[in-house]
Amino acid sequence: VQLQASGGGLVQAGGSLRLSCAASGRVNAMTWYRQSPGKRRELVAGITSAGSTKYADSVKGRFTISRDNSKNTVYLQMNSLKPEDTAGYYCAASLRFGVPRPPSDALEYDYWGQGTLVTVSS
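Residues numbered from 1 in each chain as written. Predicted model: local features only at pLDDT ≥ 70, side-chain atom pairs only at ≥ 80, totals over all residues. Heavy atoms only, no water.

S.K.: How should I be thinking about the state of the cysteines in this particular structure?
M.R.: Applying the stated rule across the entire model yields one disulfide. The residue that forms a disulfide with Cys 21 is Cys 91, at a sulfur-sulfur distance of 2.1 Å. Here the S-S torsion is close to -85°, and the disulfide linking Cys 21 with Cys 91 is therefore left-handed. With Cys 21 in strand 3 (residues 17–23) and Cys 91 in strand 9 (residues 87–93), the pair connects residues that are 70 residues apart, well separated along the chain. In this structure Cys 91 comes out as buried when scored by relative accessible area, which is 0%. (Disulfide = S-S within 2.5 Å. Helix = DSSP H or I, 4+ residues; strand = E, 2+ residues; numbered from the N terminus. Buried < 20%, exposed > 50% of the residue type's maximum accessible area, 1.4 Å probe, protein only.)

S.K.: Got a minute to help me understand a nonpolar patch on the surface in this structure?
M.R.: Taken together, the side chains of Val 1, Leu 95 and Phe 97 present a nonpolar region at the surface, about 220 Å² in accessible area. Of the residues examined, Leu 95 reaches a relative accessible area of 36% and is grouped as partly exposed. (Patch = residues over 30% accessible without salt bridge, like charges linked within 9 Å, V, L, I, M, F, W, Y side chains within 5 Å. Areas by Shrake-Rupley, 256 points an atom, 1.4 Å probe, with all protein chains shown as cover. Salt bridge = Lys/Arg side-chain N within 4 Å of Asp/Glu carboxyl O.)

S.K.: Help me understand the side chain of Asn 72 in this model?
M.R.: Its location among the elements puts Asn 72 in the loop between strand 7 (63–68) and strand 8 (73–78). Accessibility expressed as a relative area gives 19% for Asn 72, which makes it buried. Looking at Asn 72, its side chain comes within polar contact range of the main-chain oxygen of Gly 25, at 3.5 Å. The contacts of Asn 72, once residues within four sequence positions are left out, are Cys 21, Ala 22, Ala 23, Gly 25, Arg 26 and Met 30. (Polar contact = N/O pair within 3.5 Å; in protein donor to acceptor, adjacent residues only side chain to side chain. Contact = heavy atoms within 4.5 Å.)

S.K.: What is the right way to read the packing of aromatic side chains from this model?
M.R.: In total, this model carries three aromatic pairs according to the counting rule given. With a centroid separation of 5.8 Å and an interplanar angle of 80°, the aromatic rings of Tyr 33 and Tyr 109 are classed as edge-to-face. Of this pair, Tyr 33 sits in strand 4 (residues 30–35) while Tyr 109 sits in the loop between strand 9 and strand 10 (111–112), and the two are 76 residues apart along the sequence. Taken as a pair, Tyr 33 and Tyr 109 share a single burial class, namely buried. (Phe/Tyr/Trp six-rings, centres within 6.5 Å; stacked < 30°, edge-to-face > 60°.)

This is how it looks when you write it as structure tokens:
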């Protein structure tokens, strides 16, 4: 399975971006992680094929993850962006079916996309 991420860019604080990640095959959980220089990778939002979601506290109420199973594609709508959201955003996918929620541990993901850069200016 290959993951193709897109949608990053430069936006002013308070603006919006939508990221997309398309998987070349059927997967279960699809999750966005982000990492910026000097910081640890962190889970942003994830969704299972059944629609169960998970969000980082820092993005709740601002980001929305959704999914089109017919296209094996996940979307991350990011609103009210802040400079601290600046990071490389990476899509990950898991082949583990039957889990109730997207895994939090990055080691439980089988495939990773190439990443897309999001820059939020103040």
